[in-house]
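# Breakdown of the fold
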Amino acid sequence: MSHETESHLLSLSEAIAGLSATTQQLHRLGIEFLPVGDPEAGKVWLHEHTQRPELISPDSRTMASGPRPSSSATGAPPSVESASPNREPSSLGSELLESSNPYPEALPLADRQRRMCRLAAEVAGCTACPGLVQSRTQTVFGEGDLAAKVCFFGEAPGADEDRQGRPFVGRSGELLTRMIQACRLAREEVYILNTVKCRPPHNRNPDRDELGNCRHFFETQLELIHPEYIVCLGAVAAHTLLNSKASVGQLRGRFHVYRNSKVVVTYHPSYLLREPKAKRFAWDDLRMLMADQGVIL
Ligand code: SF4
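Residues numbered from 1 in each chain as written. Predicted model: local features only at pLDDT ≥ 70, side-chain atom pairs only at ≥ 80, totals over all residues.

What the chain contains, in helices and strands, is 14 helices and six strands. Looking at the chain as a whole, 37% of its 297 residues qualify as buried. For the chain, the share of sequence-separated contacts (at least 6 apart) that also reach a separation of at least 24 residues comes to 74%. (Helix = DSSP H or I, 4+ residues; strand = E, 2+ residues; numbered from the N terminus. Buried ≥ 20, exposed ≤ 12 C-beta atoms within 10 Å, placed from the backbone. Contact = placed C-beta atoms within 7 Å.)

In structure tokens form, the structure reads like this:
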């Protein structure tokens, strides 16, 4: 392919992604006479025509370069091929328009800050889960921009988070920061939170009662922020937010809906540290997220 043809393809791909995002935004504002672009179709097209190494940042290149992972008894993902036949056609535009539980009207930033501070104080004094209260050093509320367009939603605090009182620090936090930066965002521009605010002992998964007890806290956080996108990191986050039991491999690669937010499901950074081959799938998920916003990575 000549350089000129590649340039044309790239311009066209950017135009398609931008048009799709703009049309969906217009629909959200109530202007319904324009057709909704299909992000999935755009993604396939982008993959076919613009996947060139020079478009990928150095960090991203590392994430994109691993071979495909195989399924395993440890919860490793099925291949894209095995998950693909189960994919539903994208109908995100109508799902969003028909959302029966939209976020209430967004509050001014100062009110969000006030409400978020009150909520953080409530979390700090919460004793609803006796098993977690005994083992926690402190609660880990969440942090970031209260007007963030993108929220990253993880599972539970680990040892480093419990010590520092901040979400996603330590090795998995460093990887998450690099993933955010690969999206051309700063960590301070997004909001990061977990399903539960207290560290489960020995890093076990939070149990059903603990997830239920803590749910109203993250729901209120999301309601105050009104994110356009939520990225679920790992199975616990995805299952909790989407009320699904499907594997990450089955849920990733397409958009879901939570209230007015589009939801992307991808692998948890600690899983990616254990299974580096899965990084290319996480990178694909982040590219899909950004392409939907008209940003070509
Ligand atoms: S996990 Fe949530 S609900 Fe349970 S004690 Fe901690 S803050 Fe309270």
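Non-glycine residue R184 carries a positive phi angle of around 65°. When you line up the elements, R184 lands in the loop between α9 (170–182) and β3 (191–194). Phi is positive for H226, which is not a glycine, with a value near 60°.

Next up on the list: the site of the ligand. Taken together, 15 residues form the shell around the ligand, and within it C126, C129, C198, N213 and C214 come nearest. Here the shell around the ligand gets four residues from one element, more than from any other, and that element is helix α10 (residues 208–225). When its residues are assigned to classes, the shell around the ligand shows ten nonpolar, three polar and two charged. (Near = placed C-beta within 6 Å. Nonpolar A, V, L, I, M, F, W, Y, C, P; charged D, E, K, R; others polar.)

Here we come to the sheet that holds strand β5 (residues 256–258). Here six strands make up an open sheet; going across it, the order is β1-β3-β2-β4-β6-β5 and the pairing mixed. The outermost strands of the open sheet, each flanked by one partner alone, are β1 (143–144) and β5. Examined bridge by bridge, strand β2 (residues 150–154) and β3 share four bridges and lie parallel to one another. Bridge pairing in β3 links C151 to Y191. Each of β4 (229–233) and β6 (261–266) touches helix α14 (residues 279–292); the most contacted strand, β6, lies at about 165° to it. (Pairing = 2+ DSSP bridges. Axes fitted to C-alpha atoms, helices over the stretch in contact; angles between N-to-C directions.)

For V236, the location among the structural elements is in helix α11 (residues 235–242). Residue V236 is classed as buried on the basis of its 21 C-beta neighbours within 10 Å. Separated by 31 residues in sequence, V236 and N205 place their C-alpha atoms 7.7 Å apart. Leaving out residues up to four positions away in the same chain, V236 has contacts with E155, T195, N205 and P206.

If you look at the biggest cluster of nonpolar residues, it comprises 54 residues, and the most contacted ones within it are C151, F153, V231 and C232. When near neighbours in sequence (up to four residues on either side) are disregarded, C232 contacts F153, A237, A238, L241, V263 and V265. (Core = buried A, V, L, I, M, F, W, Y, C linked by C-beta atoms within 7 Å.)

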